Amino acid sequence: MRNLSRRTFVAGAGATIGTATAGGLLVPAARAAAEDAGDAASRTVRNGDLITVTPDQPRYVDLISGFNPRWEARPRGVRLPRTTAQVVQAVQDAADKRQRLTIRGGGHCYEDFVYNSEVEVVVDMNLMDAVTYDPGRRAFEVEAGATLLKVYQTLYEGWGVTIPGGVCYAVGVGGHVTGGGYGNLSRKHGLVVDHLYAIEVVTLGADGRARAIVATREPNDPHRDLWWAHTGGGGGNFGVVTRYWFRSPEATGSVPSDQLPKPPAEVLIAIPSWSWENITRSGFGNMVRAYGTWFEQNSGPDSVYTGLTSWLFLNHKVSGSLVLLLQVNGDVPQAEQRAKDFVQGLSDALGVPHTGDVVRLPWLKAVKYLGTMDGSQTNPQLRAGHKSAYMRKGFPENQIAAIWKHLTRTDYTNPKGGLAVVSFGGRINTVASDATALPQRDAIFKLLYQTYWTSPADDAPNTAWLQEFYREVYADTGGVPVSNRVTDGCYVNYADRDLGDPQQNTSNVPWSTLYYKDNYPKLQRVKQAYDPKDFFRHRQSIRLPGSVR
């Protein structure tokens, strides 16, 4: 069980406003420095000069290594700020020298948006990882370099609360939140951005000056659109995120423990598997249809099953097994029976018995257990490819046939290839599609297509298999999941540069629409206001209005 991973599929286990307001604050470099000085009592150990690591220093190699070793860079330096003022300094220095700058908020970017041949300076946020409570904003302040596990543990042990974020423990909160943020509590409590109250971003104005801006969701905040753009608009588009503040919209009073969701004291975890040896084509189709039908019927916000989250790993046949990861809120009546019935229903549809039991764990222990099962964290050689889709309905027959075909191809023998079908819906779908930058608010599934391998010599066959798999599933809509009755575009945090390749995407629907739908023009307007020089950019960054790039 310890080798199961959503990533590795191992079977069997610029406005220039210089005044403070109630809702927003623009902080130029000098003011940011004064703010840091005023908070010196709590940050003394982090004072000092801005760290710059250059190629002649031993730790440089570690600092230019991201999640996916396919992507490489040799920047002139990696800058590790400890404070907002130092982020302002790093951005200003790069702008003054006209150096290409990218931002590492955790290192898990699936594409080459951080590490590529053009980058000259990387701002690495790892040293800014504090998690505290801000009584003035009645919100929890989380610096952008904190990992998800640190956030979960600090919030829960300190105040008994959490945010409904992702499973992988080492993901940095910086990029996770900007893409929307999803996890095992999201069907019950919504996306992470549904609890985002404020954000601090270092931007570069039309005058070439770097500034730190605090933007909130308050209706009268002049920077509210900047807050909105970070509720699913993706990372690296508008500036360097330095801090988030989280408070649920329905929270009242000033007691910290009342400001965010409380997770269940215990959860039930099941990780059953089914041997590929006994799986037939008809049984596979029955199982996939049953899984889709169940979530079509149980993804409403008032469903008694919002506390149930599942990841169905449809692994390639050579892996040996199909696997399910199931988590159920342990505080509800008949929780064990609900978990067992769900698993047994899939076994009955497949016509193959499963192995694996339901276990009850304290919530934080379950978070640590599931979060540290990710094999990609323990094998730094793993190269990867990823694709995504949202689904409004269960799989139609032509998609089931394409999935079966590519999971049973005999010319592909990598056990780490497959498709994860992840439950969505519940409270996520109570939010309007334009209330946050992430527009997919009526889906029942989020899909993650992926494969992992270790040798650069295997790049071509693995990427080809993944591309062929994806294109055939969506052959009716130009090789990508355009928004229609069944599918609803792609997840920006599962970045995929092929969406912009006319040979892979023949739909005439651009990558920007697949990610953002009708929200893209507003994101472009925010880009114009806060990054008019297009200083913060990457292969799929938000384009300035009228841009041909």
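Right, let's walk through the structure included here. (Residues numbered from 1 in each chain as written. Predicted model: local features only at pLDDT ≥ 70, side-chain atom pairs only at ≥ 80, totals over all residues. Heavy atoms only, no water.)

Counting buried positions along strand 9 (residues 210–216) yields seven of seven residues, so the element is predominantly enclosed. Side-chain alternation along strand 9 places Ala 210, Ala 212, Val 214 and Thr 216 on one buried face and Arg 211, Ile 213 and Ala 215 on a second face that is also buried. In terms of strand pairing, strand 8 (residues 196–204) meets strand 9 through seven bridges, oriented antiparallel. Along strand 9, the bridge assignment pairs Ala 198 with Thr 216. (Buried < 20%, exposed > 50% of the residue type's maximum accessible area, 1.4 Å probe, protein only. Helix = DSSP H or I, 4+ residues; strand = E, 2+ residues; numbered from the N terminus. Pairing = 2+ DSSP bridges.)

A few words on the pattern of salt bridges. Scanning the model with the defined rule gives 30 salt bridges in all. Among the salt bridges present, the one from Arg 409 reaches Glu 468, with a minimum N-O distance of 2.8 Å. Highlighted residues: Arg 409 in the loop between helix 12 (397–407) and strand 17 (417–423) and Glu 468 in helix 13 (residues 459–473), separated in sequence by 59 residues. Exposure remark for Arg 409: the relative accessible area of 16% places this residue in the buried category. Sharing partners across several salt bridges, the network here consists of Glu 111, Asp 112, Arg 497 and Arg 539. (Salt bridge = Lys/Arg side-chain N within 4 Å of Asp/Glu carboxyl O.)

Strand order in the open sheet made by the four strands is 2-3-5-4, with mixed pairing throughout. Each edge of the open sheet carries a strand with a single partner, namely strand 2 (51–53) and strand 4 (101–104). When strand polarity is set aside, the average angle formed by the axes of neighbouring strands in this sheet is 25°. The sheet contact formed by strand 3 (residues 77–80) and strand 5 (residues 121–124) spans three bridges and is parallel. Across the sheet, the residue bridging to Gly 77 is Val 121, located in strand 5. Against the sheet, helix 4 (residues 84–96) engages strand 3, strand 4 and strand 5, with an angle of about 155° to strand 3. (Axes fitted to C-alpha atoms, helices over the stretch in contact; angles between N-to-C directions. Contact = heavy atoms within 4.5 Å.)

Shape is all these values report; function is a separate question.
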